Amino acid sequence: MTKTVVQQYLATWNATGDERATLLSTHWSPEATYTDPMAEVAGHEGITAVVDGVQAQFPGFVFTQVGEADAHHRQVRFRWGLGPEGAEPLVIGFDVLVLDESGRIQDVHGFLDKVPA
């Protein structure tokens, strides 16, 4: 489960348009919240706006998993990288996903570990 949830989460950040809408409706609770140092939003529309903003700020970059994920109960924590595909990430963060009873992403608590100067 842990690996699949992280893959679906990162796929949401890398997707656009209808593909992202499908990932959100399938794998995220309609009431999902997302909080990191740069944003605090709720619902699929709010999350879409944040993802659109990041994709506009870092065109052509992709999110990848860095290291192994750790999970217990309905929580998953992992590190991610953002950078050009196949290259060292320029941004590295750490997220904790909290899942609802059906296994969908309910809350995201994000932290930034490395950001460009």
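Here, the structure is the one placed above.
It should be emphasised that the depicted structure is a prediction, and the values quoted were computed from it without experimental measurement. (Residues numbered from 1 in each chain as written. Predicted model: local features only at pLDDT ≥ 70, side-chain atom pairs only at ≥ 80, totals over all residues. Heavy atoms only, no water.)

**A closer look at the nonpolar core**
Here is a general trend for soluble globular proteins: nonpolar side chains tend to be buried in one another's company.
Argument step 1. Ranked by internal contacts, the top residues of the largest apolar core, which has 25 residues, are Tyr-9, Trp-13, Trp-28, Phe-78, Leu-97 and Ile-105.
Argument step 2. Sorting the residues of this core by element identifies helix 1 (2-14), strand 1 (28-36), helix 3 (43-57), strand 4 (75-84), strand 5 (91-99) and strand 6 (105-114) as the ones contributing at least two each.
Argument step 3. For this core, the element with the highest residue contribution is helix 1, accounting for 5 residues.
Argument step 4. When residues no more than four places from it in sequence are discounted, the contact partners of Trp-13 are Tyr-34, Val-50, Val-51, Val-54, Gln-55 and Phe-63. (Core = buried A, V, L, I, M, F, W, Y, C linked by side-chain atoms within 4.5 Å. Buried < 20%, exposed > 50% of the residue type's maximum accessible area, 1.4 Å probe, protein only. Helix = DSSP H or I, 4+ residues; strand = E, 2+ residues; numbered from the N terminus. Contact = heavy atoms within 4.5 Å.)

**Quick notes on helix 2 (residues 17-27)**
Argument step 1. Inspection of helix 2 places Arg-20, Leu-23, Leu-24 and His-27 among the buried residues, and these make up the whole buried set. Taken down its axis, helix 2 places every buried residue within 100 degrees of arc, on the same side.
Argument step 2. Contact partners of the buried residues in helix 2: helix 1, strand 1, helix 3 and strand 6. (Arc of directions from axis to C-beta.)

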